[in-house]
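Close look at the chain arrangement
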Amino acid sequence: NAGVTQTPKFQVLKTGQSMTLQCAQDMNHNSMYWYRQDPGMGLRLIYYSASEGTTDKGEVPNGYNVSRLNKREFSLRLESAAPSQTSVYFCASSESKGALHFGNGTRLTVT
Amino acid sequence: LAKTTQPISMDSYEGQEVNITCSHNNIATNDYITWYQQFPSQGPRFIIQGYKTKVTNEVASLFIPADRKSSTLSLPRVSLSDTAVYYCLVVPSGTYKYIFGTGTRLKVLA
């Protein structure tokens, strides 16, 4: 039982490059989330998906897009990376309200 | 959505009980209160959730007064391994838009 799996673990991009962060959960959870965490700071919600087929903006959606591919997978795409998007990105899933299960994060550096 | 306020940091010594209080003055009737623990370089981990009064599990206790405008996470007899950031999250009813506060950085000293 892997829980929430995020790939890649680390990534370095140049300004303007694009990439997709992958997230998959094997707990059959309905809702999934993307958060970012800047060094020494708290978690900020980027996008969330309450159920398969739906996505909604969080606190800081600008510069990102998401796809809820199926119940298991929720991807986050950066179309044109900027240095301000240097952060650790966490994916989470939840069945019961508020009980989030987080992955171990993707550490992204944009130069 | 209810806004949460927690102390930025706390220090404690091994073996002591630690209480971290979170203020959420505009909590709505059906909102729940959840606490998370985060170690460096890891994702947050769910600790405990409650609605009112007291909830206890093998890790912590959660105290919620009758007016529900605050909650207190109690960690009994902390050890060095409890050094982490602790987040209080008010889980809103009717939406999955979960907004975390800034968290409390707990440092346990030997």
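First things first, this report covers the structure right here in the doc. (Residues numbered from 1 in each chain as written. Chains lettered and ligands numbered in written order. Predicted model: local features only at pLDDT ≥ 70, side-chain atom pairs only at ≥ 80, totals over all residues. Heavy atoms only, no water.)

**Looking at the overall build of chain B**
Stated formally: Secondary structure elements follow DSSP: runs of H or I no shorter than four residues count as helices, runs of E no shorter than two count as strands, and numbering proceeds from the N terminus. Computation of the radius of gyration draws on C-alpha atoms, with the globule rule given as 2.2 Å multiplied by the number of residues to the power 0.38. Between buried and exposed lies partly exposed: a residue is buried under 20% and exposed over 50% of the maximum accessible area for its type, with that area taken using a 1.4 Å probe on protein chains only. For this analysis, residues touch if any pair of their heavy atoms sits within 4.5 Å. Methods summary: accessible areas were calculated by the Shrake-Rupley approach with a probe of 1.4 Å, and residue burial reflects only the protein chains presented. Neither His nor the chain ends contribute to the count of charged residues, in which Lys and Arg are positive and Asp and Glu negative. A charge is said to be at NZ when it belongs to Lys, at CZ for Arg, at CG for Asp and at CD for Glu.
Counting its secondary structure elements, chain B contains zero helices and nine strands. Expected size for 110 residues packed as a compact globule is a radius of gyration near 13 Å; at 13 Å, chain B falls within 12% of this value. Projected onto its principal axes, the C-alpha positions of chain B cover 45 × 30 × 20 Å. In chain B, which comprises 110 residues, the proportion classed as buried is 45%. Pairs at least 24 apart in sequence give 56% of the contacts found in chain B among residues at least 6 apart. Accessible area for chain B stands at about 5500 Å²; split by element, carbon and sulfur atoms hold 51% of it. Each charge class in chain B can be summarised by its mean position, and for the 10 positive and 7 negative side chains these summaries are 8 Å apart.

**Focus: the nonpolar core**
Worth spelling out the cut-off: Grouping buried Ala, Val, Leu, Ile, Met, Phe, Trp, Tyr and Cys residues that are joined through side-chain atoms within 4.5 Å yields what is termed a nonpolar core.
One finds Trp35, Leu73, Leu75 and Tyr86 of chain B to be the most contacted residues of the largest nonpolar core, which totals 21 residues. For this core, the elements supplying multiple residues, two or more each, are strand S2 (18–23), strand S3 (32–38), strand S4 (45–50), strand S6 (61–64), strand S7 (70–75), strand S8 (84–91) and strand S9 (104–109) of chain B. In terms of residues, this core owes the most to one element, S8 of chain B, which gives four residues. Beyond its immediate stretch of four places on either side in the chain, Leu73 of chain B contacts Val18, Asn19, Ile20, Trp35, Ile47, Ile48, Ala60, Ser61, Leu62 and Tyr86 of chain B. Formed by 19 residues, the second largest nonpolar core is a distinct cluster that contains Met32, Tyr47, Ala81 and Leu108 of chain A.

**Focus on the packing of aromatic side chains**
Under the convention used in this document: Each aromatic pair joins two rings of Phe, Tyr and Trp (for Trp, the six-membered one) with centres within 6.5 Å, and gets the label stacked for planes under 30 degrees apart, edge-to-face for over 60, and tilted for any other angle. By definition, being over a ring means that NZ of Lys or CZ of Arg is both within 6 Å of the ring centre and within 35 degrees of the ring normal.
Tallied over the full model, the rule gives 13 aromatic pairs over all chains. Relative to Phe100 of chain B, the ring of Tyr36 of chain B lies with its centre 5.4 Å away and its plane at 70°, an arrangement referred to as edge-to-face. Placement of Tyr36 of chain B in strand S3 and of Phe100 of chain B in the loop between S8 and S9 is noted, with a sequence separation of 64 residues between them. Note on Tyr36 of chain B: relative accessible area 0%, which makes it buried. Here the aromatic residues Tyr33, Tyr35, Phe90 and Phe102 of chain A together with Tyr36, Phe46, Tyr87, Tyr96, Tyr98 and Phe100 of chain B are joined through ring pairs into a cluster of three or more. The ring of Tyr51 of chain B has Arg68 of chain B lying over it, and the distance from NZ or CZ to the ring centre is 4.1 Å.

**Concerning the state of the cysteines**
The condition that has to hold: Counting rule for disulfides: a pair of cysteine sulfur atoms within 2.5 Å.
On inspection of all chains with the given rule, the structure shows two disulfides over all chains. The disulfide bridge from Cys23 of chain A ends at Cys91 of chain A, spanning 1.9 Å between sulfur atoms. Taking the torsion about the S-S bond as the criterion, the Cys23 of chain A to Cys91 of chain A disulfide, at about -75°, is left-handed. Of this pair, Cys23 of chain A sits in strand S3 (residues 19–25) while Cys91 of chain A is found in strand S9 (residues 87–94), placing the two residues 68 residues apart along the sequence. Note on accessibility: Cys23 of chain A and Cys91 of chain A belong to one class, buried. Between Cys22 of chain B and Cys88 of chain B runs a disulfide, and the two sulfur atoms are separated by 2.3 Å. Because the torsion about its S-S bond is -75°, the bridge between Cys22 of chain B and Cys88 of chain B counts as left-handed. A residue pair is termed long-range when its members are at least 10 positions apart, and Cys22 of chain B in strand S2 and Cys88 of chain B in strand S8 qualify at 66 residues. Each of the two residues, Cys22 of chain B as well as Cys88 of chain B, counts as buried.

**Observations regarding the sheet that holds S6 of chain B**
Two modes of strand pairing occur in sheets, parallel and antiparallel, and in both the strands are linked by backbone hydrogen bonds. Residue and element names in this part refer to chain B. Let me state the cut-off plainly: Here the rule is simple: two strands pair whenever DSSP picks up at least two bridges between them. Axes here refer to lines fitted to C-alpha atoms; in helices the fit is confined to the stretch in contact. Angles between the N-to-C directions go from 0 to 180 degrees.
What the four strands build is an open sheet, ordered S2-S7-S6-S5; its pairing is antiparallel. What marks the edges here is a single partner per strand, and that holds for S2 and strand S5 (53–56). The sheet shows a mean angle of 15° between the axes of neighbouring strands, direction not considered. As paired elements, S5 and S6 share four bridges and run antiparallel to each other. Bridging from a neighbouring strand, Val55 pairs with Leu62 of S6.

Scope: geometric values only; no functional claims are made or implied.
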